[in-house]
Amino acid sequence: MKAFREYFKNNRFNITCGEAKEIVDTKIIGVLVQFTRDRRNLIPVLQKVQEAEGYLSAESITEISHFLDVSENDVYSVASFYAQFRFTRPGDHIIKVCLGTACHVRGGERILDNVERELDIQPGQTTSDYKFGLERVACFGCCALAPVMVVDQNVYSRVTPAKTKKILELYK
Amino acid sequence: MTFEQIKKNAIAEWEAFENNEKPRIYVGTATCGCSSGALDLIEKIHAELEQNHIEATVIEVGCIGCCYAEPLVDIAKRGRPRISYNNVTPEIISALITDYLINDNPRPDLALCTIGEGEISGIPDISDLPMFKPQVRIALRNCGYVDPENINHYIARDGYSGLIRALKMTSEEVIEEISKSGLRGRGGAGFSTGTKWRFCYNASGDEKYLICNADEGDPGAFMDRALLESDPHSVLEGMLIGAYAIGASHGYIYIRSEYPLAIDRLRTALEQMGKYQLLGDDILGTGFNFNIEIKEGAGAFVCGEETAMIQSIEGKRGMPYPRPPFPATSGLWGKPTNINNVETWSNVSAILQKSAEWYAGYGTEQSKGTKTFALAGKVVRTGLIEVPMGITLRQIVYDIGGGIQDDKEFKAVQTGGPSGGCLPVSTLDLPVDYENLAAAGSIVGSGGMIVTDSDTCMVDLARYFLSFTQAESCGKCVPCREGTMQMLKILTDITEGNGKPEDIDLLLELSEAIKLASLCALGGTAPNPVLTTIRYFLEEYESHIYKKQCPAKACKELISFYILPGKCQGCLICKRNCPVDAIAGDKRMIHLIDQNKCIKCGVCLEVCPSRFNAVTKVSGEQMITPKELISVGSWEKL
Ligand SMILES: Cc1cc2nc3c(=O)[nH]c(=O)nc-3n(C[C@H](O)[C@H](O)[C@H](O)COP(=O)(O)O)c2cc1C
Ligand code: FES
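From a predicted model like this one, the values you see are computed outputs, not experimental measurements.

## Let's talk about the site of ligand 1
All names here are of chain B.
And step 1. In the vicinity of ligand 1 there are 18 residues, among which Gly187, Asn213, Gly217, Asn341 and Thr344 approach most closely.
And step 2. Here Thr344 contributes a side-chain N or O atom positioned 2.7 Å from an oxygen atom of ligand 1.
And step 3. With the chains in place, 90% of the 610 Å² that ligand 1 exposes on its own is no longer accessible.
And step 4. Contributions of two or more residues to the shell around ligand 1 are made by β9 (337-341) and α20 (521-525).
And step 5. Per-element tally for the shell around ligand 1: the top contributor is β9, with three residues.
And step 6. In terms of residue class, the shell around ligand 1 is made up of four nonpolar, eight polar and six charged.

Below, the structure written as structure tokens:
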């Protein structure tokens, strides 16, 4: 690992994925090799790593910190500022309840209440079996069909509290 | 290839497409269409065409703005206008293919309107629809008409002719043209675009940057997304013109990562521009160089603010910094930077394609041109609209929006999102422009417009916006960080029935301080929703505070659900659906809600069969119900 980092530091990035494989988790390396080692790439790097891994693990933060030559502290400071980044493993199904203005005036909060109660978790949390994660978002742009709830890629519109239960059943 | 040749080919392609023997089928696949099932319809269309051995061209277009009528499918036969069909289902697709394509019956009963030249009896033209009649489409001119992934469509409809015109002018002449048009920034603040460009043009430095603000943070607005998904080139052409005018060689589009489709379409558009030498070095052989890079936001509302956005592009926490220096002199990487909103850029390309005078012909004295709005909430026809400045709110809500759903009473229209305010009935005849809305306590904002009815609690709406700004405050300055927190706390107390008489004065005092002392406009405008609701709906605040009553019956802590003993038929439906087992009852026994257990989710009200209508919601009242289970019918006898 150490040798690899030295190599990384000294070689501006001409390592191939094949070489990297043996040393470090290929997923992170596969992502890092797409970028130059420039601090301004920090946010795109975080986004791509999260896309590959589902979240930002402590190990990947360390890796990013070495790669961009930014302290881990700085990496966390930036990552924790933005709502997009998570630091814990997400659920298999991600439930997003819209709390944009249109959804709010049409009862979005009651939908969220119901999902919270059904799954016994708060927004930002994951069920203990990692089956479901819950997030609140502001506006999907389907305001005309409010209130809106999205499970994975499926959009459910004009949701009612009674309907939420049935929707969740589909994924259990 | 010269641009003339490119344009000739594009027009030839467009004409061949319009005059083709084969019928054309257009499907709206912006996010609104997709979420209503447009993608499944495309599969269905292909399957039906194959089954019936019909050849047709199926194209995906953007959003025409009738979100309430999605999914929309249009069919055009050669020499006839497009017929737009609304709320299409797979069954309707089968019917249309048999009836219109095979048997030539256009099915006026299923149609919304026709689009384009020609008439079809029994179907109105789009410009005669009440929703479209008052509209003028400049920024949205191509939305729903062109294939957003085909640059030739854009070019055939005069696209990039504005750039060609600009390239023949000097920078100063282009800036002058924009100034003359009277265009003001559409991102919220409404600052003169020409003046802003001049600042940046005059700033010294050989490297300058340009940013397109596509962060669209207002949580109830989708104008920029719809525009980028439906007609990305109109925005990109505007950016090229701006870059030429101020002398920028590098541009960024800062776009929310929640907009994957828009990002995708922008990438495609940039690639196509590169192929036509409309991007990169030596654009169209004129020696003008310009590159555009896409930066995806990471979910922070404050990054829509100019200085925070600059920080974010530099890879830092998106926290605003004090101005001056203004970005126009020292912005991204310390270089002069000009930031404009998506819609502003689309207007820029339109102005250069036509003329400043033409643009200034729309609108009012101080506010020229048009503005897009995302009309949503409790109106009948929700959607994306574009209207000349100076139109009244009444025309927007009633003529375009079709009035309030279920014939309820209009209460307020919220404009400007978390930075704006709620405007009551008395303001309905106000002409919409920057000055008038500001005088009424709100702002034009970026274009979110949410209509509310008697079921919406104004105190709760103010609390909602404060909860948003409080969560999105970056925490750098104290008035915004601590002030919004205190305001939210007071508002929450009021909505939960713990309000105190002095709370209203305290809210006003806090609002004043936060407005004056915040570092950026996030804090500076955060009190607006509270101030306007206190100004126009004081009695609702007083009801909550003095009577512990929510007139709209929306605040959970102040409402109760009851089963009306005279109406309950003992059918067990509510009991079975209650998530917390708070309902007691047996078959043919009058059901009872245990008020201590009830969490006020409203499921019982929703599931009680409408022929019984036995569940009621009250606020500030207590109802008399049986003490124990008694059989249906025995209540009246007691
Ligand atoms: C908290 C905050 C959020 C903002 N969000 C946006 C936004 O999402 N989109 C936008 O175009 N402008 C937004 N603005 C306004 C921008 O700071 C800026 O005024 C605008 O991009 C300038 O472009 P314009 O002159 O074309 O309007 C926001 C401002 C503040 C203070
Ligand atoms: S507010 Fe929920 S989709 Fe727009």
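Right, picking up where we left off after that structure.
## Overview of the pairing of strand β10 (residues 370-377) of chain B
Residues and elements named next belong to chain B.
And step 1. Most of β10 sits out of view: eight of its eight residues are buried.
And step 2. By the alternation rule, side chains of β10 split into Thr370, Thr372, Ala374 and Ala376 and Lys371, Phe373, Leu375 and Gly377, which are all buried.
And step 3. Pairing of β10 with strand β11 (residues 383-388) involves six bridges; the strand directions are antiparallel. Paired with Thr370 across the two strands is Pro388, which belongs to β11.
And step 4. Count of turn residues in the β10/β11 antiparallel hairpin: five residues.

## Overview of the interface of chain A and chain B
And step 1. Between chain A and chain B, the contact holds 39 residues from the first and 55 residues from the second.
And step 2. In this assembly, chain A packs against chain B so that about 3,500 Å² is buried in total across both faces, 55% of it on carbon and sulfur atoms.
And step 3. For chain A, the biggest contributors to the area lost against chain B are Arg40(A), Phe81(A) and Thr101(A); these three give 18% of the whole.
And step 4. Across the salt bridge formed by Asp113(A) and Lys556(B), the nearest N and O atoms sit 2.6 Å from each other.
And step 5. Inspection of the region where chain A meets chain B yields 24 residue pairs in polar contact (both at pLDDT 80 or more).
And step 6. Where the side of chain A that touches chain B is concerned, the elements lending two or more residues are α4 (42-53), α6 (72-81), α7 (101-105), α8 (108-119) and α9 (161-169) of chain A.
And step 7. If you tally residues by element for the side of chain A that touches chain B, the top one is α8(A), at five residues.
And step 8. Grouping the amino acids of the side of chain A that touches chain B by side-chain chemistry returns 21 nonpolar, 10 polar and eight charged.

## Some remarks on the nonpolar core
All names here are of chain B.
And step 1. Counting residues in hydrophobic clusters, the biggest one holds 138 residues, and the most contacted among them are Tyr160, Leu236 and Ile255.
And step 2. Looking at which element gives the most residues to this core, the answer is helix α10 (residues 232-246), with nine residues.
And step 3. The contacts of Leu236, once residues within four sequence positions are left out, are Tyr160, Ile253, Leu266, Ala269, Leu270, Met273 and Ile292.

## Thoughts on the side chain of Ser94(B)
All names here are of chain B.
And step 1. Tracing the backbone through its elements, the reader meets Ser94 in helix α4 (residues 90-102).
And step 2. The class of Ser94 is buried, set by a relative accessible area of 19%.
And step 3. If near-sequence neighbours (up to four positions away) are discounted, Ser94 is found in contact with Lys44 and Glu48.

## Brief notes about the sheet that holds strand β1 (residues 24-28) of chain B
Residues and elements named next belong to chain B.
And step 1. Strand order in the open sheet formed by five strands is β2-β1-β3-β4-β5, with mixed pairing between adjacent strands. Of all the strands in the sheet, just β2 (57-61) and β5 (111-115) have a single pairing partner and so form its edges. Strand-to-strand twist across the sheet, computed as the mean angle between neighbouring axes with direction ignored, equals 25°.
And step 2. Relative to β5, strand β4 (residues 82-85) is paired through four bridges, and the arrangement is antiparallel. Each bridged residue has a counterpart across the sheet, and for Arg82 the counterpart in β5 is Ile115.
And step 3. Against the sheet, helix α3 (residues 38-51) touches β1, β2 and β3 (73-76), its axis set at about 160° to β1.
And step 4. Relative to β3, α4 is tilted by about 15°, and along the sheet it contacts β1, β3 and β4.

## A look at the sheet that holds β11(B)
Residue and element names in this part refer to chain B.
And step 1. Taken in spatial order, the five strands line up as β11-β10-β14-β12-β13 in an open sheet, and their pairing is mixed. Whereas interior strands pair on both sides, the edge strands pair on one side only; in this sheet they are β11 and β13 (421-424). Sheet twist, expressed as the mean angle between neighbouring strand axes with direction ignored, is 30°.
And step 2. Sheet topology note: the strand β12 (residues 410-415)/β13 ladder contains four bridges and is antiparallel. When the bridges of β13 are listed, Thr415 appears paired with Gly421.
And step 3. In the packing of helix α9 (residues 223-230) onto the sheet, the strands contacted are β10, β11 and β14 (448-453), and the crossing angle to β10 comes to about 110°.

## Focus on the domain arrangement of chain B
Residues and elements named next belong to chain B.
And step 1. Domain annotation of chain B identifies domain 1 (16-127), domain 2 (160-360), domain 3 (370-456), domain 4 (459-547) and domain 5 (556-631).
And step 2. The C-alpha centroid of domain 3 is placed 27 Å from the C-alpha centroid of domain 2.
And step 3. Contacts between the two partners involve 17 residues from domain 2 and, on the opposite side, 18 residues from domain 3.
And step 4. Here domain 2 and domain 3 share an interface that buries about 1,400 Å² over both sides, 57% of which is from carbon and sulfur atoms.
And step 5. Counting across the domain 2 and domain 3 interface gives two salt bridges.
And step 6. Salt-bridge contacts for Lys371 lead to Glu343; the nearest nitrogen and oxygen are separated by 2.7 Å.
And step 7. Counting every contact that joins domain 2 to domain 3 gives six residue pairs in polar contact (both at pLDDT 80 or more).
And step 8. Sorting the residues of the side of domain 2 that touches domain 3 by element identifies α9 and α13 (342-353) as the ones contributing at least two each.
And step 9. Each residue belonging to the side of domain 2 that touches domain 3 can be placed in one class, and the counts come to seven nonpolar, six polar and four charged.

## Remarks on the pattern of salt bridges
And step 1. The final tally for this structure, using the stated rule, is 34 salt bridges over all chains.
And step 2. Measuring nitrogen to oxygen at the nearest pair gives 3.1 Å for the salt bridge that ties Glu109(A) to Arg463(B). You can see Glu109(A) sitting in helix α8 and its partner Arg463(B) sitting in helix α17 (residues 458-472), one on each of two chains.
And step 3. Overall, the relative accessible area of 13% leaves Arg463(B) in the buried class.
And step 4. The residue Asp453(B) makes a salt bridge to Lys378(B) at a minimum N-O spacing of 3.0 Å. Of the two residues, Asp453(B) is situated in strand β14 and Lys378(B) in the loop between β10 and β11; the sequence distance between them amounts to 75 residues.
And step 5. In this structure Lys378(B) comes out as buried when scored by relative accessible area, which is 8%.
And step 6. Within this structure, Arg165(B), Glu177(B), Lys180(B) and Glu357(B) form a network of salt bridges that share partners.

## Details of the confidence of the model for chain A
Close inspection of predicted coordinates is inappropriate in any region flagged by low pLDDT.
Residue and element names in this part refer to chain A.
And step 1. Residues of chain A with pLDDT of at least 70 account for 85%, and the chain-wide mean is 85.
And step 2. By mean pLDDT, the top-scoring element of chain A is α6 (96), and the lowest-scoring one is helix α2 (residues 17-21) (44).
And step 3. Low pLDDT (under 50) marks residues 10-23, which in the prediction has 24 contacts with non-local residues, meaning those over four places away or in another chain.

## Topic: α6(A)
In an α-helix, one full turn covers 3.6 residues, which means residues spaced three or four apart are oriented alike.
All names here are of chain A.
And step 1. Taken together, the buried positions of α6 are Val75, Val78, Ala79 and Phe81. For α6, the arc enclosing every buried residue in end-on projection is 160°, short of the 170-degree limit, so these residues lie on one face.
And step 2. For α6, the secondary structure elements touched by its buried residues are α4 and α5 (58-68).

## Points about α9(A)
And step 1. Where α9(A) is concerned, the buried positions are Pro161(A), Ala162(A), Thr164(A), Ile167(A) and Leu168(A).
And step 2. As for α9(A), its buried residues are in contact with β1 (93-98), α8, β2 (132-137), β3 (149-151) and β4 (154-156) of chain A together with α24 (603-607) of chain B.

## Quick word on the side chain of His93(A)
Residue and element names in this part refer to chain A.
And step 1. Position of His93 among the secondary structure elements: in strand β1.
And step 2. Engagement of the side chain of His93 in a polar contact is seen with the side chain of Asp152, the distance being 2.7 Å.
And step 3. Ignoring anything within four residues of it in the chain, the contact list for His93 reads Lys131, Phe132, Gly133, Val151, Asp152 and Tyr171.

## A word on the environment of Tyr259(B)
Residue and element names in this part refer to chain B.
And step 1. Position of Tyr259 among the secondary structure elements: in the loop between β7 (250-255) and α11 (260-275).
And step 2. For Tyr259 and Thr31, which are 228 residues apart along the polypeptide, the C-alpha to C-alpha distance reads 8.9 Å.
And step 3. Not counting residues within four places of it along the chain, the set of residues in contact with Tyr259 comprises Glu216, Ala221 and Arg225.

Parameters at a glance
Residues numbered from 1 in each chain as written. Chains lettered and ligands numbered in written order. Predicted model: local features only at pLDDT ≥ 70, side-chain atom pairs only at ≥ 80, totals over all residues. Heavy atoms only, no water. Near = heavy atom within 4 Å. Polar contact = N/O pair within 3.5 Å; in protein donor to acceptor, adjacent residues only side chain to side chain. Areas by Shrake-Rupley, 256 points an atom, 1.4 Å probe, with all protein chains shown as cover. Helix = DSSP H or I, 4+ residues; strand = E, 2+ residues; numbered from the N terminus. Nonpolar A, V, L, I, M, F, W, Y, C, P; charged D, E, K, R; others polar. Buried < 20%, exposed > 50% of the residue type's maximum accessible area, 1.4 Å probe, protein only. Pairing = 2+ DSSP bridges. Contact = heavy atoms within 4.5 Å. Buried area = accessible area lost by both parts, 1.4 Å probe. Salt bridge = Lys/Arg side-chain N within 4 Å of Asp/Glu carboxyl O. Core = buried A, V, L, I, M, F, W, Y, C linked by side-chain atoms within 4.5 Å. Axes fitted to C-alpha atoms, helices over the stretch in contact; angles between N-to-C directions. Domains from an automatic or database assignment. pLDDT = per-residue confidence, 0-100. Arc of directions from axis to C-beta.

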